[in-house]
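As a plain string of letters, each chain reads:
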Amino acid sequence: MTLRRCLRLAVTATVSAMATVLALTAPAQAATKVCIFDFLGTSGDAFNLARDFAVAMQREGVELELKGYNDEGQALNAYTTGQCDGLLATGFRTRQFNAVAASTDSLGATTIVRNGNVDIAGTYEVLRKLIHTFAAPSPQVAKLMVQGEHEVVGIAPAGVAYPFMVDRKINSVEALAGKRIVALAYDPAQAAMVQRIKGIPVPATISDFHFKFNSGQVDMLAAPTMAYLPLELHKGLGSKGAITRFPLLVVTYQMVVRHSKFPPGFGAQARTFWAGQFDRVMQLIRRADASVPPQAWMDLEPQDNVRYTQLLRESRMQLTQQGLYDKRGLKILKRIRCHVNPADAECGTKQEED
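Residues numbered from 1 in each chain as written. Predicted model: local features only at pLDDT ≥ 70, side-chain atom pairs only at ≥ 80, totals over all residues. Heavy atoms only, no water.

A.B. asks: If you had to explain the side chain of Arg 95 to someone new, which residues and values would you point to?
C.D. replies: Along the chain, Arg 95 turns up in the loop between α4 (91-94) and β4 (113-114). Although Arg 95 is buried, it makes no salt bridge; Asp 187 carries the closest opposite charge, 4.4 Å away. For Arg 95, the contacting residues outside a window of four places in its chain are Ala 102, Ser 103, Asp 105, Ser 106, Asp 187, Leu 324 and Tyr 325. (Helix = DSSP H or I, 4+ residues; strand = E, 2+ residues; numbered from the N terminus. Buried < 20%, exposed > 50% of the residue type's maximum accessible area, 1.4 Å probe, protein only. Lys, Arg positive; Asp, Glu negative; His and termini not counted. Salt bridge = Lys/Arg side-chain N within 4 Å of Asp/Glu carboxyl O. Contact = heavy atoms within 4.5 Å.)

Below is the structure:
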């Protein structure tokens, strides 16, 4: 063996050994923190979904560290102050980071009524199509999911928000006049809607609205059945109350991140994951629906279902003019509603399309 070859082998061996030492001694790449809001903290369904999401992203080379909160305000604060670079919370809280995606939680934006009858399956179908639309591998769609430094990387249903009444005699919009109604303090559209029907808005948060209902401080709140057992809403219903089977809106969980803290393509991968969880989450929602005693439900007359759908539509357009809702998101939602229910009278108009 020549001297030159010996030297080359020696240098190669030394470089290889140094690389191995550096690989073994270098600190592991720090996981990116994501704040997760769940009523039940780390033992709830939302956190379990987030845990599965973290495992799926780990396979893609992205390490996530999840931190659970049962107070949504605290989770939001941790994200806005930079303690976390990702946040899973309701669309009401994430609207400030992306108004297009949060259009899902606009009043009546997913509600389907056919021939006077509420179509819950159709209502969820509108949301399913929207979530898959936002998860499509399209540059135009991906651009809608980014607003400044924030990107929405996933949406999942939390359930239809039904009106919970302390008294089933409150069975019409007219009967709500003068009644105390929960309005989330950080969603001005809710207070505006309550005032429109001449009710009295009572500010609350997702983390404390049930206390006001269960203690009799309010006459009505809107909530998904997923909250019925964990928040003991049967206490507020008592023996006289009822849950009106009318979808005011569908509450969603949305995951938003600072996209600069994640590798290219992460948002698209994440949205695909969350879109794939829709049927799984629907099983949880159906189980929650079944947990409500049949006698607790109250159905409206067909003419009222049609009337209230129109009321929500008119309110939504007014709120959009006031800048509280996003025109682009609502335009997409109208197209999807009319795909699901083309016979609806709104589909022959240009409303919410301009």
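A.B. asks: Please give an account of the pairing of strand β8 (residues 180-184) that cites residues and values.
C.D. replies: The element β8 is largely enclosed, with a buried count of 4 among its 5 residues. Regarding topology, helix α7 (residues 188-196) serves as the crossover connection from β8 to the parallel strand β9 (residues 200-204), and that connection is right-handed. (Right-handed = clockwise from strand over helix to strand, strands pointing away.)

A.B. asks: Go over the nonpolar core, please, and point to the residues and values.
C.D. replies: The tendency in soluble globular proteins is for nonpolar side chains to be buried side by side. Phe 53, Leu 87, Phe 164, Met 255 and Phe 266 are the most contacted members of the largest nonpolar core, which has 110 residues in total. When residues in this core are grouped by element, the largest group, 10 residues, is from strand β7 (residues 150-165). The contacts of Phe 164, once residues within four sequence positions are left out, are Phe 213, Asp 219, Met 220, Leu 221, Ala 223, Pro 224, Tyr 228, Leu 233, Leu 237, Ala 242 and Ile 243. (Core = buried A, V, L, I, M, F, W, Y, C linked by side-chain atoms within 4.5 Å.)

A.B. asks: Which residues make up empty space enclosed by the protein, and what values go with them?
C.D. replies: Any empty space left between the atoms is revealed when a probe the size of a water molecule rolls over them. Following the criterion strictly, the structure yields 3 cavities of 30 Å³ or more and no others. Taken as a whole, the largest cavity holds about 60 Å³ of empty space. Around the largest cavity, the lining residues are Gly 108, Thr 111, Ile 112, Thr 309, Arg 313, Arg 316, Arg 337, Asn 341, Asp 344 and Glu 346. The element best represented in the lining of the largest cavity is helix α12 (residues 302-321), accounting for 3 residues. Estimated volume of the second largest cavity: approximately 50 Å³. Lining the second largest cavity, in full, are Ile 131, Phe 134, Ala 135, Met 145, Val 152, Val 153, Gly 154, Ile 155, Arg 271, Trp 274 and Ala 275. For the lining of the second largest cavity, the secondary structure elements donating two or more residues are α5 (120-134), β7 and α10 (266-275). Looking at the lining of the second largest cavity, the element that brings in the most residues is β7, giving 4 residues. (1 Å grid on protein atoms, 1.4 Å probe; cavity = no way out; pocket = protein on both sides within 12 Å on 5 of 7 lines; lining within 4 Å. Points joined across faces, edges and corners; volume = space filled by probe spheres on them.)

A.B. asks: Any details on the layout of surface pockets? Residues and values, ideally.
C.D. replies: In this structure, the second largest pocket occupies an estimated 210 Å³ of space. Every residue along the wall of the second largest pocket is listed here: Val 113, Arg 114, Asn 115, Gly 116, Val 306, Thr 309, Gln 310, Arg 313, Asn 341, Ala 343, Asp 344 and Ala 345. Of all the secondary structure elements, the ones that give two or more residues to the lining of the second largest pocket are β4 and α12. A total of 4 residues in the lining of the second largest pocket trace back to one element, the largest contributor, which is α12.

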